[in-house]
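# What the coordinates show
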Amino acid sequence: MRTDGILGDGRRSAINTARNKHKWLVVLGVVLHAVYMLSIFDIFFKTPIVHGMDPVPPRFSAPAKRLVLLVADGLRADKFYEPDSEGGYRAPFLRSIIRKKGRWGVSHARPPTESRPGHVAIIAGFYEDPSAVTKGWKANPVEFDSVFNQSRHTFSYGSPDIVPIFCGALPHSTWNSYPHEFEDFATDASFLDEWSFDQFQNLLNRSNEDPKLKQLLQQDKLVVFLHLLGCDSNGHAHKPFSSIYLNNVKVVDKIAEKVYNLVQDYYKDNQTAYIFTADHGMSDKGSHGDGHPTNTDTPLVAWGAGVGHPLPISRSDHHENTGRFIDDHLHDTETPSEWGLSGMTRLDVNQADIAPLMSTLLGLPCPVNSVGNLPLQYMNLNKAEEVEAVLANTKQILNQFLRKSQLKQSTSLYTKPFKPLASYSSVLRQIEHLISLKEYETAMKQSEQLRSLALQGLHYFQTYDWLMLMTVITLGYVGWMIYVILHVLQSYTSLPANIFCKEQVPNPRSTIKVHLLGGLLMGVACTLLLVEKSPPLYHAYVVMTLFLWTQIFSEYRFLKALCRYLCGKVNDYYLKLIATCVFSVVILELLVKSFTERKLYTWCFLTTGVAVPFYLYRSLPMRSGIPIFVWMACWFLSVFTLMPPQIPENTMFVVSGAMMIITIGVVLRYVELHAKDNRYWLILVAQDSGKLKFPLLFHLQILLVGLASLMVWLSTTHRTEKQELLVLHQLVNWSIAGFSMILPLFSATGLLSRLTSIFLGVAPPFLLLSIGYEAVFYGALGLALIAWILVENAYLHISKFRLSSTPVKSMEDDNRCLELSDMRIPLTFMVFFNIAFFGTGNFASIASFEISSVYRFVTVFSPFLMAALLIFKLLIPFILVICAFSAITKLVQVPLLGCYFLVILCSDVMTIHFFFLVKNKGSWMEIGNSISHFGIMSAQVVFVLMLFAVTNIFTKDIQVRSAQQFSRKKM
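Here's what I pulled together on the structure shown here. These numbers come from a predicted model, not from an experiment.

## Side note on the pairing of strand β2 (residues 103-108)
For β2, a buried count of six out of six residues is recorded, marking the element as mostly surrounded by other parts of the structure. When β2 meets strand β7 (residues 297-304), the two strands line up antiparallel, connected through six bridges. Across the sheet, His108 pairs through a bridge with Asp297, a residue of β7. Here β2 runs beside strand β8 (residues 349-350); their pairing, made up of two bridges, is parallel. Within β8, the position partnered with Ser107 by the bridge is Val349.

See the structure below:
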């Protein structure tokens, strides 16, 4: 009998006791993946916000008594600055400000470019708190400081989604917001901007009759915030190229002009500073969130008290600067000529820099959580005031660093300090000394350097535990995979019988010593973590990892014997082993890449459609038809990952898919009845198939598929004609779907018969939940799975491997041991498992699948039922894949559970990769997708096992005709 390397020569394992581990191993795998899945929230999504710092007010008089902040939600920089179709400009008032009274530039936002993070950056000076993922991105989970908090009083009017974030719990604030019902995408939303202005105008008018309000408005350190939502709503509803959006830019400019005139007439003291900006832009598709320049580039115009006058551009203003803004855009970006501002100096800033700018204009301390750098180029200060302003900004950021350092030292036995700031106090003293000597340029340079180091120090302590946690988690995954490999080698291969044939039975006392040592290490580690007041999950991570490696080292006798066994092998063996490992890793890495590049599956099946038929063509006669069939099936399936994941509604595709499914079923039944003419099909057919010529069951299943396609057409026609779907139609649809799924249990037990019945049985519910080309994909997936079975069957003959001598026998009672070449089975399964999703949608989110899929079963909004039907639709292709996988394990006589563990091994290789791809920066979609990719792969240990348990109802009775009855001469 042939041997195939490390996984044995096909004989059964000599160590049967290891088989009892599989239940324990499954439980361990579920617990481990559940615990490790939570680790990303301790590593990547911890809040950067700390409390307990003292505010640092600037040591000079405030340039302005009050500040007006106008934020045009969703206003793109290019649409604000560029001319309109008639050659005029959409914002004439603010352009006149740029040319005569103030300074301007582009404010660069950091993804996620959403309203709440954008306003937090502008008003509080820090970017999106990663821990907001725990609140579903709806709110900041940790309280934070802001310019409004530091002000004497804040007046705020605008959206109910923004204004309450900053003023809802602020006692020294006067605010109001319109009802949510006002945000109607069907109308021109520019009236929302007018509403905010009217509220502010009414406030000033009321003050003439209210002495207390008048007195309040005359005080210093006041902030007026008007949130203008119109551009955002109109951009979403009508796109930023629409006349409604572009007209809203003009509305915003007129409001800015009216606010300026109103304030100037009211106060008449020229002690007001004005800042006009936007929280984010708007993509051409009418969306925002990612890091595209149309979303990150927003206008910034500042004027009034404390703000510098316009700066004409000069040669000295241009210099080589390779620095980048927070959105990764280069400094000194050239201003587009069509903006008509080429002669004016453009002063770009990061969005979080606006908060310290506002604070300094009002003479307030910067928000204690701010990470913004004060943009001095916007201010009109003398040299001494400039240094004092930057120093206050530096001390505020340095205080955050010192607080984080203090918190870490208070809970750690040993803390590695951030060395560049080890002597920060002496640097501060030196800066103060330079200021006293009026050496302002040197003091400024040192203050800016210290500020930069403080920001680096903040990042250092924010990621302080990353190395430890990521090392522990990575070692845990690696340990789990090694433990799974050892279990597979011991329980499902003939290797133990080979390497222990002359070895003594392992001494239980030796393993007890290993477990005692492991327990001691766990105790010491937990004690250290307890002393450091580490979170409970830290204990779980460390204990789980140490436990796994204890289990591995407890098998040291087997490991020693395995090393001796490997050392006795020839070079060809090592080449085969290395080639298998490299090929497996390459396939799995391509699967990782396919999560973002669906087209990889197209190239995969195009290549497979050439390589595998070529291999079979050299080994099988052409009359078998298998090479041609494999080529056609692979190339047909490759088409679907080129199609858009958002499936367009097309009933003809669904009906065509039903016809295709019926055709496949009839052809498979014909092949089953005439398999005696083709020796390569005969092994897949039960011996008594000839007695079952077109039984009633097969006819009934074909009828149900046809009836399902008819109901699809009927239901869609009713909905298209705005007619209500009758209750009778819904009852018929439910009946067809439910009844068809139990019929495969009554089909013949031959491999081809049962799989054909399963294919036809789950087709009706899938068709009833289909709206377009996914119905054709179902048939294409079925053809590709048949091709996989035929290839495995052909490989069985080509390798001259013979199964049991019993003509028809359940393979569960006579499984052979796993071989190295069997690794192809779980790898192929992983490819089909992923394309089952990627063929018709986006693996990252159920939201990418059309909700109209469920309308044939329920029309009244019912979120839980609709979600359940949608998930069920997604599971149907998996049912096909796992049924084919189970059938193949019976065909080649390998243990199903052993192959399951190899599948988990493959998925964990991908899980580790996704662990390092988790993002806490970027758009909410990018962050969410990175989390869901990691979570989905982590959950496969449970997900695949559950599907195996469900599909086992259909596949447990499958029987395969023995190949040994066919002589080599006949083959």
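## Some details on a nonpolar patch on the surface
Nonpolar side chains collect at one region of the surface, where Leu413, Tyr414, Leu517, Leu520, Leu521, Val524, Leu528 and Val531 lie side by side and expose about 820 Å² of accessible area between them. In this structure, Leu521 sits in helix α19 (residues 508-531). You can call Leu521 partly exposed: its relative accessible area is 46%.

## What to know about the pattern of salt bridges
Scanning the model with the defined rule gives 20 salt bridges in all. Among the salt bridges present, the one from Asp78 reaches Arg76, with a minimum N-O distance of 2.7 Å. Exposure remark for Asp78: the relative accessible area of 22% places this residue in the partly exposed category. The exposure class assigned to Arg76 is buried, which follows from its relative accessible area of 3%. We note a salt bridge from Arg816 to Glu819, for which the minimum N-O separation is 3.9 Å. Each member of the pair, Arg816 as well as Glu819, is classed as buried. Three or more residues joined by partner-sharing salt bridges are found here, namely Glu792, Arg816, Glu819, Asp822 and Arg824.

## Some points on the nonpolar core
Formed by 166 residues in total, the largest nonpolar core has its most connected members in Phe829 and Phe832. Here the element with the most residues in this core is helix α31 (residues 774-798); it accounts for 17 residues. Among the nonpolar cores identified, the runner-up in size contains 62 residues, and Val142, Cys167, Leu300 and Leu458 belong to it.

Cut-offs applied
Residues numbered from 1 in each chain as written. Predicted model: local features only at pLDDT ≥ 70, side-chain atom pairs only at ≥ 80, totals over all residues. Heavy atoms only, no water. Buried < 20%, exposed > 50% of the residue type's maximum accessible area, 1.4 Å probe, protein only. Helix = DSSP H or I, 4+ residues; strand = E, 2+ residues; numbered from the N terminus. Pairing = 2+ DSSP bridges. Patch = residues over 30% accessible without salt bridge, like charges linked within 9 Å, V, L, I, M, F, W, Y side chains within 5 Å. Areas by Shrake-Rupley, 256 points an atom, 1.4 Å probe, with all protein chains shown as cover. Salt bridge = Lys/Arg side-chain N within 4 Å of Asp/Glu carboxyl O. Core = buried A, V, L, I, M, F, W, Y, C linked by side-chain atoms within 4.5 Å.

Just distances and angles here, no functional claims.
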